[in-house]
Amino acid sequence: MWKEEDDKLKRTFIFKDFKSAFAFMTKVAALADEMDHHPWWSNAYNKVNIELNTHDAGDKVTEKDQILAERIDMIFGS
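The shown structure was predicted, so the numbers you read here are calculated from the model rather than taken from an experiment.

J.: Looking at this structure, I do not really get the packing of helix α1 (residues 18-35) against helix α2 (residues 63-77). What am I missing?
T.: Taken N-terminus to C-terminus, the directions of α1 and α2 make an angle of 150°; their axes are 10 Å apart at the nearest point. Taken together, the axes of α1 and α2 lie roughly antiparallel to each other. Here α1 and α2 pass one another in a crossing that is right-handed. Together, Phe24, Lys27, Val28, Leu31, Glu34 and Met35 of α1 and Lys64, Ile67, Leu68, Arg71, Ile72, Ile75 and Phe76 of α2 make up the contact between the two elements. Considering only residue class, the contact of α1 with α2 consists of nine nonpolar, no polar and four charged.

J.: Mind showing me how you'd approach the pairing of strand β3 (residues 40-44) here?
T.: Put simply, side chains in a regular strand alternate between the two faces of the sheet. Here β3 pairs with strand β4 (residues 47-52) via five bridges, running antiparallel. Bridge assignment links alanine 44 to a residue of β4, and that residue is lysine 47.

J.: I tried to follow the pattern of salt bridges on my own but got confused; where do I start?
T.: Note that side chains of opposite charge can pair when their charged atoms are close. Enumeration over the complete set of coordinates arrives at seven salt bridges. Close ionic contact of aspartate 7 with lysine 60 constitutes a salt bridge, the shortest N to O distance being 3.1 Å. With aspartate 7 in the loop between β1 (3-5) and β2 (8-14) and lysine 60 in the loop between β4 and α2, this residue pair connects regions lying 53 residues apart in the sequence. By relative accessible area, which is 40% here, lysine 60 ends up partly exposed. Lysine 8 is paired through a salt bridge with glutamate 51; the nearest N and O atoms lie 3.4 Å apart. Within this pair, whereas lysine 8 is found in strand β2, its partner glutamate 51 is found in strand β4, the two being separated by 43 residues in sequence. Via salt bridges that share partners, Lys3, Glu5, Asp6 and Lys10 belong to a single interconnected network.

Reading the values: rules and limits
- Residues numbered from 1 in each chain as written.
- Predicted model: local features only at pLDDT ≥ 70, side-chain atom pairs only at ≥ 80, totals over all residues.
- Heavy atoms only, no water.
- Axes fitted to C-alpha atoms, helices over the stretch in contact; angles between N-to-C directions.
- Helix = DSSP H or I, 4+ residues; strand = E, 2+ residues; numbered from the N terminus.
- Parallel < 35°, antiparallel > 145°, perpendicular 65-115°, else oblique.
- Left-handed = near helix turned anticlockwise from the far one by under 90°.
- Contact = heavy atoms within 4.5 Å.
- Nonpolar A, V, L, I, M, F, W, Y, C, P; charged D, E, K, R; others polar.
- Pairing = 2+ DSSP bridges.
- Salt bridge = Lys/Arg side-chain N within 4 Å of Asp/Glu carboxyl O.
- Buried < 20%, exposed > 50% of the residue type's maximum accessible area, 1.4 Å probe, protein only.

What is shown is where atoms sit, not what they do.
Encoded structure:
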């Protein structure tokens, strides 16, 4: 579940192992590049933390972030 905090949408995704986490990151990277909207993220073993906000809007959460979050959820659910 995404939560809005500190002018960011934040979510942590947990996977069974590093390989699964990295495969997810690869799919999200392609999506972010396609949307020209890139997240801040970190990865440690099976955990991926993602934060979204829009730099061009003064580092605030915008509709662009909401759309990317929904599409990331779709990748996670597939």
